[in-house]
Amino acid sequence: MEVDDDNSPSTSAAVLDGETTVPTANSTPVQPPAVPPAVVPPTIAPLPAVVPPIAPIPAVRPPVFKPPVPQNGEVKAVDSDSDHEDDGRATAGEYEISEESRLVRERQEKAMQELLMKRRAAALAVPTNDMAVRTRLRRLGEPITLFGEREMERRERLRMIMAKLDSEGQLEKLMKAHEEEEAAISAKAEDIEEDIEYPFYTEGPKELLDARIDIAKYSIVKAAARLQRARRKRDDPDEDMDAEIDWALRQAGNLVLDCSEIGDDRPLSGCSFSRDGKLLATCSLSGVAKLWSMPRVSKVSALKGHTERATDVTFSPVHDLLATASADRTAKLWSSDGSLLKTFGGHLDRLARIAFHPSGKYLGTTSFDKTWRLWDIDTGMELLLQEGHSRSVYGIAFHQDGSLVASCGLDALARVWDLRTGRSILALEGHVKPVLGASFSPNGYHLATGGEDNTCRIWDLRKKKSLYIIPAHSNLISQVKFEPQEGYYLVTSSYDMTAKVWSGRDFKPVKSLPGHEAKVTASDISADGRYIVTVSHDRTIKLWTAGNIEQENDMDWTEG
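Note that the structure is predicted; figures quoted are calculated from it, not measured.

1. Things to note about the sheet that holds strand β21 (residues 446-451)
Alright, step 1. Across the sheet, four strands lie side by side as β20-β21-β22-β23; this open sheet has antiparallel pairing. Among the strands making up the open sheet, the edge pair consists of β20 (435-440) and β23 (465-470). Taking the axes of each pair of neighbouring strands and ignoring which way they run, one obtains an average angle of 25 degrees across the sheet.
Alright, step 2. In this sheet, β23 lies alongside strand β22 (residues 456-460) in antiparallel orientation, the contact comprising five bridges. Bridge pairing in β23 links arginine 457 to isoleucine 469.

Here's what the structure looks like:
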């Protein structure tokens, strides 16, 4: 027994310390199974007392942590305790949201709040149009008008109704009414768009079709002749273009004042040379146009017929006829002996400028009624009423070939129209103020415009853009004219009391023509390029020439 007592503690100590021991020969193998019967009863005995309170827990926890969820009208039943255990784990710790997800959620909530605020503000906005106020009242179920109620009172009543609904928490009703109004407006806009048929055009008379065909035939011949002449000059070794241009510019640079004559009791507004250069026509604010013989500028006759001030005068390029425009909304055709032939009436406002077609068969007029019109000289019929400018149309010029016409106006825009088709083929944007004058160059591809921005712009019709900008004057440019033979130079007249000559090659200044004491309103160049005439508000006609110099130059060239 002493041996067993000594071995027993050593064995138990070895087991408790977790160390491996080698049993000795004196140890008995029966003793280890004898230990569990003594230890097991006290540990297992309390278990029956703890189990009863745990049993009812599965029946109580499901309705607390996982209530039945209806799906398609049915209640999902809980069959096992595993569902409760999973639910307990889910509720024990919430999902961890990343910082990026939180920011995205905040932005979404903020955007939603802003959208709701905008919708609320739109729904609470009181319409200003009386028809919109009536519509809103009708959609809210209120009387659209009361006896003796005026527009402002009706609007105020709608404001009070909307404020009341908002205070009572019936904002949804207001928002619904607002959405219905927007839907009705959009549906109406769609109906309007469906009713419009494109393209829109106005069918012209048969006379206009005949005129377009006639203009097309005329322009083809003229264009072919112009191109043939240009090719001949280019290919002919005897032709020295630079020398010819230098000679013309030298002529223009030697211009001197040859004559000055009082033209009328009122300021002069227009002037024009006849096709042979033997007559000069002027018009004034008195409504009277006068004919003067050249080169002494002596009065021949007076053309009286307008009831308002005359705004422009021009000679026909092929006949001994002239036309005048007036603020009385009419244009008149006169013979060179002073007799009235025709009156063109149709414009709704005063006329500005007037021009003959190169064929001499048609007349173009511009007006402050925002249109320009084309007239038949023989019949006096209005062939074309052309819109296209947003403000008054002022200047007009025909191309040398007769195929194109340029119009310019107070909308700071110049347009080029094809007379053969009626289309606006170019819209020349660049001037920042009204454009008052336009002129085509005889070379066929340059167009000059001048206006209230004090500049003259040269447009290249081939490139469809501005080629050069001439800072020409210190005041507005009233008119622009190219030299009619070859376009070697151009003349600009201005309200700064001067006219200036510019090179048609590089657009540099050639000559300044001072002398007037008031605004220069118009200028013209004779067909042979020998004379330049200017008229002004100082009521004088001034004739500029380089006749003596020209003779000397001719002698020099002959001797050379």
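2. Re the layout of surface pockets
Alright, step 1. Taken as a whole, the largest pocket holds about 1,200 Å³ of empty space.
Alright, step 2. Secondary-structure elements contributing two or more residues to the lining of the largest pocket are α10 (206-235), β4 (268-273), β8 (310-315), β12 (351-356), β16 (393-398), β20, β24 (477-482) and β28 (520-525).
Alright, step 3. Its residues assigned to classes, the lining of the largest pocket comprises 23 nonpolar, 13 polar and nine charged.

3. Looking at the UniProt feature "repeat: WD" (unreviewed entry) in the protein
Alright, step 1. Taking the numbering used here, the UniProt-annotated feature "repeat: WD" (unreviewed entry) corresponds to residues 303-335, 344-385, 386-427, 428-469, 470-512 and 513-544.
Alright, step 2. In the segment residues 303-335, helix accounts for 0% and strand for 58%; the C-alpha atoms at its two ends are 10 Å apart.
Alright, step 3. Annotation note: span residues 513-544, helix share 0%, strand share 59%, distance between end C-alpha atoms 8 Å.

4. Quick word on the packing of aromatic side chains
Alright, step 1. Using the criterion set out here, one finds four aromatic pairs in the structure.
Alright, step 2. Arginine 350 extends its terminal NZ or CZ atom over the ring of phenylalanine 368, reaching a point 3.8 Å from the ring centre.
Alright, step 3. Its guanidinium or amino end placed over the ring of tyrosine 445, arginine 462 lies 3.8 Å from that ring's centre, counting from NZ or CZ.

5. Some points on the pattern of salt bridges
Alright, step 1. Summed over the entire model, instances satisfying the criterion amount to 26 salt bridges.
Alright, step 2. The salt bridge partner of arginine 139 is glutamate 180, with a shortest N-O separation of 3.3 Å. Pair noted here: arginine 139 is in helix α7 (residues 130-139) and glutamate 180 is in helix α9 (residues 171-195), with a separation of 41 residues, a long-range link.
Alright, step 3. Its relative accessible area of 33% is what places arginine 139 among the partly exposed residues.

Basis of the calculations
- Residues numbered from 1 in each chain as written.
- Predicted model: local features only at pLDDT ≥ 70, side-chain atom pairs only at ≥ 80, totals over all residues.
- Heavy atoms only, no water.
- Pairing = 2+ DSSP bridges.
- Helix = DSSP H or I, 4+ residues; strand = E, 2+ residues; numbered from the N terminus.
- Axes fitted to C-alpha atoms, helices over the stretch in contact; angles between N-to-C directions.
- 1 Å grid on protein atoms, 1.4 Å probe; cavity = no way out; pocket = protein on both sides within 12 Å on 5 of 7 lines; lining within 4 Å.
- Points joined across faces, edges and corners; volume = space filled by probe spheres on them.
- Nonpolar A, V, L, I, M, F, W, Y, C, P; charged D, E, K, R; others polar.
- UniProt positions renumbered as here; feature names shortened; annotations may be inferred.
- Phe/Tyr/Trp six-rings, centres within 6.5 Å; stacked < 30°, edge-to-face > 60°.
- Lys NZ or Arg CZ within 6 Å of the ring centre and 35° of its normal.
- Salt bridge = Lys/Arg side-chain N within 4 Å of Asp/Glu carboxyl O.
- Buried < 20%, exposed > 50% of the residue type's maximum accessible area, 1.4 Å probe, protein only.

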